[in-house]
Amino acid sequence: MTAAGQELHFADAGEAADLAAFLARLIHYDRAAAVRLQAGGGVLAVFGRPPSFEVLAIRTARLEAIIGTEAAEAAGGTGEAGASGPGVLDTTVSAGELGDALDTARAGRTADGTEDRDRGLVVTVPQAVTGPPWAGLLPPRGGWRRVNGLPGVDEVRGAVAAAVAEFRARDAELPEERRTRAERDRIGHEIWSRTLGDTGLPLRAVHAAQSLGFLRPVRAAAPAASATGAGAGVGGGVATVAPDTAAEPLALLAAGGWLRLRTPYGSIAVRTSGLSGLSVTPA
C-alpha cells in the first residue's frame, strides 16, 4: 500500500521518542536501513533487521488514529481511518526518513511550547520504498506459545557480557597474520550461534536485544512502554496487548519455526529449526 502523506497520530509522545531511538540504533548498523510498518487496532509495529545480528527487531507504539485517504480505502471506505479512530497501514519505508519525520514533529512541539511526554504526536508517513527480502517474511501473527527455561534478565545480560569478553579475548590472542575480517567473523559466528541455555535461542538474538536497548532496566513510570513493547503481537498484523506483560521483564515465545524474545521495550525474533523438541506452554 502506498502510504506517503498519511499521518500517524501517536497516543504518547514518549513512545514516539523511544521509537525514534530504536530507529537511530538501526541506522547505526545500516545507514540505508528500511523498516516495515504495520498498524491496526490502535497499535503500530515497526520491523527492522540490523545486519550484524541476522534477527528481526520489533518495536511498537500506541496510535490514536491514522489519517489519510488511502487508509480510509483500506478500511473499506467506512471512515475508520479518520480522526475518530485508528486505520490500517502496511508499508516499507526508509528508517532514516521515518526517524527524521519523528524528529521534525518532536522539534515542532518543543518550538511552540507544547512539549509534553504524555501527549500525542502527529507524524507524516514517508514515501514507500522497495522492501528488502526480509520484509516479505515476517513472524506469524498468532499462535505463539511460551518456551520454558529462559533465565532471568540478570543472567541474560551476563551471558551477553561473557560472550563479548570471550570474543575480545580470542581476538586479542590472534597472531598478526591471522587478524583478518574473515577470521574475526568466524570467531563471532561460532560464539553468537550458541544457544542460551536449553532454550534454543541463539546468543546473537540476546546480543541484538542488548545492543538495541531492549534489556535496559524498566522505567518505573513507564507502564505504556511495557504494554506496547512486551505484549503486542507480531507478524501479518498487530495483535492486542497482553494484560499481564507489564510486570514481566522477559519472555521467550515460539511459533511456526520462529523464536521471539519479548521484552518491555520490544521483541527480537529469529528463524530457527528443530523447535519440536522445545518444552512450550501457552503464552
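Up top is the structure.
Keep in mind it's a predicted model, so treat the numbers as computed, not measured.

1. What to know about the pairing of strand S8 (residues 251-255)
The side chains of a regular strand alternate, first on one face of the sheet and then on the other. Across the five residues that make up S8, a large majority, five, are buried. Burial of S8 is two-sided: the residues Ala251, Leu253 and Ala255 facing one way and the residues Leu252 and Ala254 facing the other way are all buried. Sheet topology places strand S7 (residues 145-147) next to S8; two bridges connect them, and they run antiparallel. Note that in S8 the partner of Arg145 across the bridge is Ala254. As defined by bridge partners, S8 adjoins strand S9 (residues 258-263) across five bridges and the pair is classed as antiparallel. Opposite Ala255, over in S9, you have Trp258 as the bridge partner.

2. Structural notes on the pattern of salt bridges
The tally for this structure, following the rule as stated, stands at 14 salt bridges. Its salt-bridge partner being Arg62, residue Glu15 comes within 2.8 Å of it at the nearest N-O pair. One end of the pair, Glu15, is in helix H1 (residues 13-29); the other, Arg62, is in strand S4 (residues 56-67), and 47 residues separate them in sequence. When its relative accessible area of 2% is taken as the criterion, Glu15 is described as buried. The salt bridge involving Arg186 is made with Glu183; its shortest N-O contact spans 2.8 Å.

3. A few points about helix H6 (residues 203-211)
The element H6 is largely enclosed, with a buried count of seven among its nine residues. When we look at burial in H6, the residues that qualify are Leu203, Arg204, Ala205, Val206, His207, Ala208 and Ala209. Contact partners of the buried residues in H6: helix H4 (153-173), helix H5 (181-192), S9 and strand S10 (266-271). Positive phi shows up at Gly213, right after H6, with a value of about 85°.

4. Notes on the packing of H4 against H6
Look at H4 against H6: their axes get within 10 Å of each other, and the N-to-C directions meet at 105°. In terms of axis orientation, H4 runs roughly perpendicular to H6. Contact residues: Val156, Arg157, Ala159, Val160, Ala163 and Val164 in H4; Leu203, Val206, His207 and Gln210 in H6. Split by residue class, the contact of H4 with H6 holds seven nonpolar, two polar and one charged.

5. Side note on H1
Since there are 3.6 residues in each turn of an α-helix, residues three or four apart along the chain are aligned in direction. Here H1 spans 25 Å end to end across 17 residues, near enough to the 24 Å set by a 1.5 Å rise per residue. All of the buried residues along H1 are Ala13, Gly14, Glu15, Ala16, Ala17, Asp18, Leu19, Ala20, Phe22, Leu23 and Leu26. Sitting at the head of H1, Asp12 places a side-chain oxygen 2.8 Å from the backbone nitrogen of Gly14.

6. A short note on the environment of Phe167
Counting through the fold element by element, Phe167 comes out in helix H4. For Phe167, a relative accessible area of 24% puts it in the partly exposed group. In contact with Phe167, not counting residues within four places along its chain, are Arg184, Ile187, Gly188 and Ile191.

7. Section: empty space enclosed by the protein
Evaluation of the coordinates by the stated rule reveals one cavity of 30 Å³ or more. Estimates place the volume of the largest cavity at around 30 Å³. Looking at the largest cavity, the residues that line it are Leu26, Asp30, Ala33, Ala34, Val35, Gly48, Arg49, Pro50 and Pro51. A breakdown of the residues in the lining of the largest cavity according to their chemical character gives six nonpolar, one polar and two charged.

Each value, and the rule that gives it
Residues numbered from 1 in each chain as written. Predicted model: local features only at pLDDT ≥ 70, side-chain atom pairs only at ≥ 80, totals over all residues. Heavy atoms only, no water. Buried < 20%, exposed > 50% of the residue type's maximum accessible area, 1.4 Å probe, protein only. Helix = DSSP H or I, 4+ residues; strand = E, 2+ residues; numbered from the N terminus. Pairing = 2+ DSSP bridges. Salt bridge = Lys/Arg side-chain N within 4 Å of Asp/Glu carboxyl O. Contact = heavy atoms within 4.5 Å. Axes fitted to C-alpha atoms, helices over the stretch in contact; angles between N-to-C directions. Parallel < 35°, antiparallel > 145°, perpendicular 65-115°, else oblique. Nonpolar A, V, L, I, M, F, W, Y, C, P; charged D, E, K, R; others polar. Expected span 1.5 Å × (residues − 1). Polar contact = N/O pair within 3.5 Å; in protein donor to acceptor, adjacent residues only side chain to side chain. 1 Å grid on protein atoms, 1.4 Å probe; cavity = no way out; pocket = protein on both sides within 12 Å on 5 of 7 lines; lining within 4 Å. Points joined across faces, edges and corners; volume = space filled by probe spheres on them.

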